[in-house]
Amino acid sequence: MTTSPIRIHPARGLGLATVGALVLLGLAAGPAAAHAEVSASDPRALAENVTLTFNSEAESDTAGIASLRVVLPSGITPDAVALKDAPTDWKLAATADGYSIGGPALATGTDAEYSITVRQLPDAKSLVFKTLETYSDGKISRWIEVPTNGEKVDNPAPVLELKAAAPGAKPIAPTPSPSPTPPPSDAASAQPSAAVPSAPAASVSAQATSEDDAGSSTGAIVGVIAAVVVLAAAGAFWWLRRGRSQA
């Protein structure tokens, strides 16, 4: 018995192909759909006491967001930032070039949203806040790429576009940093004496001395062995000559 080939109506075949293409496109674009964003209560250059709100979309199906690490743009120092609102029990800590914020991991699929207050925005056209997003399973999403010339990037950093400064707006004086503590008057006496080698230096010196002693002892032993060999060879040569003369 022969089976007749299955025929697909052209219109139906085109529909199936279209659905398949859309599914593949959706799978390919799925991970890139997540992103991090920033908005401002007053998006103007030199604006003061501005609230910045950040939103990092969750992209993991198995873990929740546990912390965020943000690099501040030029013109905003870590000491000019204060936490305004965040998920329960999340804390903000200053870093050398920005801040980190985190706490108990959020539920899987929950976006991380928080806000900070900035003393003053710098005089710029746009601000970039590069962000590292860490999940409870250790996975890290890096939103650090900066689009240029309108080109799209896979992991764009949050960018805040600023409007022109208000008339008369001026940069406020930065917060003075604490002056360094002067050294005590007897600091010189506290310095180690150059005549006394430090512990590592003394140990290295002792090691070198022991190696020299070991080398001298080895040389003496080799000399004795060489002398014994020479005497033995001379004795053997004399014994052979004596035996031949007697024969």
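Just so it is clear, the model here is predicted, and its values are computed rather than measured. (Residues numbered from 1 in each chain as written. Predicted model: local features only at pLDDT ≥ 70, side-chain atom pairs only at ≥ 80, totals over all residues. Heavy atoms only, no water.)

1. Side note on the pairing of strand β10 (residues 140-143)
Put simply, the rule reads: The rule is simple: take the accessible area with a 1.4 Å probe, protein chains only, and divide by the maximum for that residue type; under 20% is buried, over 50% is exposed, in between is partly exposed. By definition, any uninterrupted DSSP run of H or I lasting at least four residues is a helix, any uninterrupted run of E lasting at least two residues is a strand, and each is numbered from the N terminus. Only strands that DSSP links by at least two bridges are regarded as paired with each other.
Only one face of β10 is buried, namely the one carrying S141 and W143, since none of I140 and R142 on the opposite face is buried. Across four bridges, the pairing between strand β9 (residues 130-135) and β10 is antiparallel. Along β10, the bridge assignment pairs E133 with S141. Where β9 folds back onto β10 in an antiparallel hairpin, the turn is made up of four residues, including G138, whose phi is positive at roughly 95°.

2. Structural notes on the environment of T95
Which entries qualify depends on this criterion: When checking whether two residues touch, look at their non-hydrogen atoms; a contact exists if any pair is within 4.5 Å. Each polar contact in these results corresponds to two N or O atoms within 3.5 Å; when the atoms are within protein, one needs to be able to donate a hydrogen and the other to accept it, and residues that are neighboring in sequence are counted only if both atoms are side-chain atoms.
Mapped onto the fold, T95 is located in the loop between β5 (91-94) and β6 (98-102). The exposure class assigned to T95 is partly exposed, which follows from its relative accessible area of 23%. As a C-alpha pair, T95 and D79 span 16 residues in sequence and 9.5 Å in three-dimensional space. If we skip the residues at most four places from it in the chain, T95 touches R69, P78 and S100. Of the polar contacts made by the side chain of T95, one reaches the side chain of R69; its length is 3.4 Å.

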